[in-house]
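Now for the letters of each chain:
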Amino acid sequence: MAELATLARPYGNAVFALAKSASALPRWSRLLSVLGTAVGEAQVRALIDSPEIAAQTKAHRLGELCGDDIDPAGRQFLQVLSANGRLALLGEVQRRFEELKALEERTLDVEVRSAQPLSDAQAETLKSALQRRFDKEVTLSSTVDGDLLGGAVVRAGDMVIDGSVRGRLAKLAETMARA
């Protein structure tokens, strides 16, 4: 996985720089989302992985599949990726682009898994606390996880805050083992 991210980084950086210079971050975000979703499909994956199909043909067919969701700049980007044998990296390129976009826009997507549904007041309190902590605009999404005994697990970028009962018990056991 790290190798894919390493290979995709220069492409993600380049497309971000291109989109930023053209003031087109939202457009490229949508385009990369469509492409990232497309390469996740088994039939598209088979097209990309096929050694019998020429690189230009792969890029052209993928562009056709996306239809009006892809513009000439997007088609050119596909040709570059395809010529370098990197179409399979589109999902990782999209992730890198979105990371850079979030940094640029000072936003942070936060996922909360909790044992019980969060009330509107709890969600707002958590969102405010995270905005103060990270000094960014926070978009909060929450899900109920029946495997949690209680509490919540918050994932903000690469940081995980485990406030679940299981997590707290594990910390207590670790502390007691050291004593």
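All of these numbers come straight from a predicted model, not from anything done at the bench.

**A word on the side chain of lysine 58**
Within the element layout of this structure, lysine 58 appears in helix H4 (residues 55-66). We note that lysine 58 is buried and unpaired, the nearest opposite charge coming from aspartate 49 at a distance of 6.7 Å. Among the polar contacts made by the side chain of lysine 58, one reaches the main-chain carbonyl oxygen of isoleucine 48 at a distance of 2.8 Å.

**A word on the packing of aromatic side chains**
Taken as a whole and judged by the stated rule, the model has two aromatic pairs. Relative to phenylalanine 97, the ring of phenylalanine 16 has its centre 5.8 Å away and its plane inclined at 65°; by these criteria the two rings are edge-to-face. With phenylalanine 16 in helix H1 (residues 2-21) and phenylalanine 97 in helix H6 (residues 90-105), the pair connects residues that are 81 residues apart, well separated along the chain. Under the relative-accessibility criterion, phenylalanine 16 is labelled buried at 10%. Taking the centre distance of 5.9 Å and the plane angle of 90° together, the rings of tryptophan 28 and phenylalanine 77 count as edge-to-face. Taken together, the residues tryptophan 28 in helix H2 (residues 25-39) and phenylalanine 77 in helix H5 (residues 72-83) connect sequence positions 49 residues apart. As far as the burial class goes, tryptophan 28 and phenylalanine 77 line up, both buried.

**Here we look at H2**
Helix length check: H2, at 15 residues, gives a terminal C-alpha distance of 21 Å against a target of 21 Å (1.5 Å per residue), a fit within 8%. For H2, the set of buried residues is Leu25, Trp28, Ser29, Leu31, Leu32, Leu35, Gly36, Ala38 and Val39.

**A look at the pairing of strand E4 (residues 159-162)**
Pairing between strand E3 (residues 152-156) and E4: four bridges, direction antiparallel. By the bridge assignment, arginine 155 is partnered in E4 with valine 160. In this structure, the hairpin formed by E3 and E4 is closed by a connection of two residues, where glycine 157 is found at a positive phi of approximately 65°.

**A short note on the nonpolar core**
The biggest cluster of nonpolar side chains holds 28 residues, and the ones touching the most others in it are Trp28, Leu32, Leu35, Leu62, Phe77 and Leu90. Those elements that place two or more of their residues in this core are H1, H2, helix H3 (42-49), H4, H5 and H6. The greatest single-element share of this core, amounting to seven residues, is contributed by H2. In contact with leucine 90, not counting residues within four places along its chain, are Leu35, Val39, Leu62, Phe77, Leu78 and Leu81. Core analysis: the second largest hydrophobic core is formed by eight residues, Val110, Leu130, Ala152 and Val154 among them.

Cut-offs used in this document
- Residues numbered from 1 in each chain as written.
- Predicted model: local features only at pLDDT ≥ 70, side-chain atom pairs only at ≥ 80, totals over all residues.
- Heavy atoms only, no water.
- Helix = DSSP H or I, 4+ residues; strand = E, 2+ residues; numbered from the N terminus.
- Buried < 20%, exposed > 50% of the residue type's maximum accessible area, 1.4 Å probe, protein only.
- Lys, Arg positive; Asp, Glu negative; His and termini not counted.
- Salt bridge = Lys/Arg side-chain N within 4 Å of Asp/Glu carboxyl O.
- Polar contact = N/O pair within 3.5 Å; in protein donor to acceptor, adjacent residues only side chain to side chain.
- Phe/Tyr/Trp six-rings, centres within 6.5 Å; stacked < 30°, edge-to-face > 60°.
- Expected span 1.5 Å × (residues − 1).
- Pairing = 2+ DSSP bridges.
- Core = buried A, V, L, I, M, F, W, Y, C linked by side-chain atoms within 4.5 Å.
- Contact = heavy atoms within 4.5 Å.

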